[in-house]
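Now for the letters of each chain:
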Amino acid sequence: MKLILFNKPFNVMCQFSAHPDRPTLADYLHIPNIYPAGRLDADSEGLILLTDDGKLQNRISHPDHKQAKTYLVQVEGIPDKETLERLRNPLDLGDFVTQACTVMHVQTPEWLWERTPPIRHRSNIPTSWLCIILSEGKNRQVRRMTAAVGLPTLRLIRTAIGGFSLETHPLLPGEWQEVGA
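The structure reproduced in this document is the subject of the present report. (Residues numbered from 1 in each chain as written. Predicted model: local features only at pLDDT ≥ 70, side-chain atom pairs only at ≥ 80, totals over all residues. Heavy atoms only, no water.)

1. Here we look at empty space enclosed by the protein
No. 1: All told, the structure shown has 1 cavity of 30 Å³ or more when counted by the stated rule.
No. 2: Taken as a whole, the largest cavity holds about 30 Å³ of empty space.
No. 3: In terms of lining residues, the largest cavity is bounded by Glu76, Arg120, His121, Arg122, Ile125, Thr127 and Leu154.
No. 4: Split by residue class, the lining of the largest cavity holds 2 nonpolar, 2 polar and 3 charged. (1 Å grid on protein atoms, 1.4 Å probe; cavity = no way out; pocket = protein on both sides within 12 Å on 5 of 7 lines; lining within 4 Å. Points joined across faces, edges and corners; volume = space filled by probe spheres on them. Nonpolar A, V, L, I, M, F, W, Y, C, P; charged D, E, K, R; others polar.)

Below is the structure:
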């Protein structure tokens, strides 16, 4: 049984099959018979786990198992206490209501890499960073949550899944490491 930690770069598709316009996991990982346990959108970066074991893949990615996922999110604007509290509590996004989660306003991490291409910069609009920890993961949920409270997401990096993190397993974008499951 293999478990691979991979730091997915920005603009990479979370699939092995060819894509007409963008790089895919196949451009970085040349290990036969592994599959991602969960996904990240092309415009999101960070940790994904891959395995060759179907039961492990299910245990990591299935919503019934509620693996905590940690995201570092750069947003446009500065959150106040009320905005942070709205993000922490169930939030109606129209087609579903989020579960309560952990949200903290944080400083830019010292270990963070530069994104290529860089995010847009507006001199008259400040940005800030949030750490959001979810035990669910609907499609584009973090981006939709921050937009719903008036803080559009500029950059989204998944930093941890369960007990695996980019802090304890430092990997630059495009790097991977095999670990014990």
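2. Considerations on the layout of surface pockets
No. 1: Approximately 500 Å³ is the volume found for the largest pocket.
No. 2: Every residue lining the largest pocket is counted, 25 residues in all, and those nearest its centre are Arg39, Tyr71, Gly137, Lys138 and Asn139.
No. 3: Sorting the residues of the lining of the largest pocket by element identifies strand 4 (69-76), helix 3 (141-148) and strand 7 (153-161) as the ones contributing at least two each.
No. 4: The leading source of residues in the lining of the largest pocket is helix 3, at 3 residues. (Helix = DSSP H or I, 4+ residues; strand = E, 2+ residues; numbered from the N terminus.)

3. A short note on the nonpolar core
No. 1: With 28 residues, the main nonpolar core has Leu29, Leu50, Val73 and Ile132 as its most contacted residues.
No. 2: Looking at this core, the elements with two or more residues in it are strand 1 (3-8), strand 3 (45-51), strand 4, helix 2 (81-88), strand 6 (127-134) and helix 3.
No. 3: Judged by nonpolar contacts, the second largest core, of 17 residues, contains Ala37, Trp113, Ile161 and Phe164. (Core = buried A, V, L, I, M, F, W, Y, C linked by side-chain atoms within 4.5 Å. Buried < 20%, exposed > 50% of the residue type's maximum accessible area, 1.4 Å probe, protein only.)

4. Structural notes on the side chain of Lys8
No. 1: Summarising the element assignment, Lys8 is placed in strand 1.
No. 2: For the buried Lys8, no salt bridge exists, and the shortest N-O distance to an oppositely charged side chain is 7.1 Å, to Asp43.
No. 3: A polar contact is formed between the side chain of Lys8 and the backbone oxygen of Asp41, at a distance of 3.3 Å.
No. 4: In terms of polar contacts, Lys8 uses its side chain to reach the backbone carbonyl oxygen of Ala42, at 3.4 Å.
No. 5: Those residues in contact with Lys8 that lie beyond four places of it in its chain are Cys14, Leu40, Asp41, Ala42, Ser44, Glu45 and Gly46. (Lys, Arg positive; Asp, Glu negative; His and termini not counted. Salt bridge = Lys/Arg side-chain N within 4 Å of Asp/Glu carboxyl O. Polar contact = N/O pair within 3.5 Å; in protein donor to acceptor, adjacent residues only side chain to side chain. Contact = heavy atoms within 4.5 Å.)

5. Quick look at unusual backbone geometry
No. 1: In this structure, the amide linkage connecting Thr116 to the following residue, Pro117, adopts the cis form with an omega of -5°.
No. 2: Considering the arrangement of structural elements, one finds Pro117 in the loop between strand 5 (102-106) and strand 6.
No. 3: In the Ramachandran plot, Asn33 falls in the positive-phi region, its phi being about 65° despite a non-glycine side chain.
No. 4: Topologically, Asn33 is positioned in the loop between strand 1 and strand 2 (35-36).
No. 5: In this structure, Arg140 takes a positive phi of about 55° despite not being glycine.
No. 6: Its place among the elements puts Arg140 in the loop between strand 6 and helix 3.

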